[in-house]
Amino acid sequence: MTGFAFMLAPIEDMTSNAFRTLCHKYGADLTFTEMAKVMALARNNKSTWSRLDCSDGTPTAIQVLGSRESEFKRFLGMFKPAEGFRGFNLNLGCPSPDAIEYGQGCAMVRKISKTMRIVSMFRDCGYGVSVKMRLGMNALDKEYKIYLKIIESVDADFFVVHARHGKQTYAQPADFGVYEECVKTGKDIIANGDIRTSAQVESLKGIGVKGAMIGRAAVLDPAIFNRLKGLPVPTAEALREEYIALADQFQEPDKYRNNILRRIGLSDLALFGNG
Ligand SMILES: Cc1cc2nc3c(=O)[nH]c(=O)nc-3n(C[C@H](O)[C@H](O)[C@H](O)COP(=O)(O)O)c2cc1C
């Protein structure tokens, strides 16, 4: 990975093609689709497949959530990369009870061998693959530092570390103290969670983190990437207009428009709830 990378986080029902394109224009070097369940992709569910749409050249990693190798195999047999495709991202972070019941999302942080095998399946098909993870399922996982074992063992292009465990809500701050030991593994680490300021970015650069992934703060300010790079940024009103034009161009459903348009230009991260 060359230079410090700014990445737009996957946010369900928000980071569709129009929003990703807008953020890329204003400084996001790489963007991510909202998560798509491999179980539904393998069954050829049309609405889940639409989450993978990349209709322009915006650099996009496709995020998938799953745990069964047979489903990954079936899905990979059906997948064809589009122009902007920049590899897959495996979700080891989702803390929802549904995901955990199936052993997916942050429950996968405990499953090192399985994660290694799934990552190899992407590699065997010739695709890049990264991992986005929480620090484990709960405080005990975090205390045992199981996240370091995944980072050490798995052959991913980079690891996005959302510095919370699965039982933590957004009301509890991300733990910036974990990144240094993650970097010491020698793997490429991207920090995620509560990043909004140049001071945070400078401190992350100082400890050898390779990039910052920004989610909620980018929905409020899609030009935050350029802002943090010290480049010019348009007004919130101009960003809203650009977003509407892109959403029209890509014919995006109302739920995406509503979720974005009611947040652009505001400043309070609590608008996303504490889940
Ligand atoms: C409404 C909402 C939806 C999210 N959807 C996803 C998702 O689909 N995949 C994922 O890996 N993370 C998802 N996340 C987590 C974000 O990608 C990110 O890790 C988290 O918000 C912390 O980063 P931030 O403080 O910059 O927002 C979601 C977060 C929120 C608030």
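The model shown is predicted, which means the values in this text are computed figures rather than measured ones.

(A) The pattern of salt bridges, seen in detail. Inspection of the entire model under this criterion finds 20 salt bridges. Salt-bridge contacts for Asp-13 lead to Lys-255; the nearest nitrogen and oxygen are separated by 3.1 Å. One end of the pair, Asp-13, is in the loop between strand E1 (5-8) and helix H1 (17-25); the other, Lys-255, is in helix H14 (residues 254-261), and 242 residues separate them in sequence. Overall, the relative accessible area of 23% leaves Asp-13 in the partly exposed class. Looking at Lys-255, the relative accessible area reads 39%, which means it is partly exposed. The salt bridge partner of Asp-194 is Arg-216, with a shortest N-O separation of 2.8 Å. You can see Asp-194 sitting in the loop between strand E8 (189-192) and helix H10 (198-206) and its partner Arg-216 sitting in helix H11 (residues 216-220), a full 22 residues away along the chain. Note on Arg-216: relative accessible area 11%, which makes it buried.

(B) Summary view of the packing of aromatic side chains. Throughout the structure, instances matching the rule amount to 14 aromatic pairs. Relative to Phe-88, the ring of Phe-85 has its centre 5.0 Å away and its plane inclined at 65°; by these criteria the two rings are edge-to-face. Each member of the pair, Phe-85 as well as Phe-88, is classed as buried. In this structure an aromatic cluster arises from ring pairing among Trp-49, Phe-72, Phe-75, Phe-79, Phe-85, Phe-88, Phe-122 and Tyr-127. The positively charged end of Lys-205 is found above the aromatic ring belonging to Phe-4, 5.3 Å away from the centroid. We note Arg-263 situated over the ring of Phe-272; from NZ or CZ to the ring centre the distance is 4.7 Å.

(C) Spotlight on the site of the ligand. Around the ligand sit 16 residues in total, of which Pro-10, Gln-63, Asn-192, Asp-194 and Arg-216 are the nearest. Contact between the ligand and Met-35: an oxygen atom at 3.1 Å from a main-chain N or O atom of the residue. The separation between an oxygen atom of the ligand and a polar side-chain atom of Lys-132 is 2.8 Å. For the ligand, whose free accessible area comes to 620 Å², the fraction covered by protein is 87%. Here the residues of the shell around the ligand sort into six nonpolar, six polar and four charged.

(D) How the structure looks around the packing of helix H4 (residues 69-78) against helix H6 (residues 112-124). Running from N to C, H4 and H6 point in directions that differ by 10°, and their axes come no closer than 10 Å. With respect to H6, the axis of H4 lies roughly parallel. In this structure, H4 contributes Glu-69, Phe-72, Lys-73 and Leu-76 to the contact, and H6 contributes Lys-114, Arg-117, Ile-118, Met-121 and Phe-122. Counted by class, the contact of H4 with H6 contains five nonpolar, no polar and four charged residues.

What counts, and at which threshold
Residues numbered from 1 in each chain as written. Predicted model: local features only at pLDDT ≥ 70, side-chain atom pairs only at ≥ 80, totals over all residues. Heavy atoms only, no water. Salt bridge = Lys/Arg side-chain N within 4 Å of Asp/Glu carboxyl O. Helix = DSSP H or I, 4+ residues; strand = E, 2+ residues; numbered from the N terminus. Buried < 20%, exposed > 50% of the residue type's maximum accessible area, 1.4 Å probe, protein only. Phe/Tyr/Trp six-rings, centres within 6.5 Å; stacked < 30°, edge-to-face > 60°. Lys NZ or Arg CZ within 6 Å of the ring centre and 35° of its normal. Near = heavy atom within 4 Å. Polar contact = N/O pair within 3.5 Å; in protein donor to acceptor, adjacent residues only side chain to side chain. Areas by Shrake-Rupley, 256 points an atom, 1.4 Å probe, with all protein chains shown as cover. Nonpolar A, V, L, I, M, F, W, Y, C, P; charged D, E, K, R; others polar. Axes fitted to C-alpha atoms, helices over the stretch in contact; angles between N-to-C directions. Parallel < 35°, antiparallel > 145°, perpendicular 65-115°, else oblique. Contact = heavy atoms within 4.5 Å.

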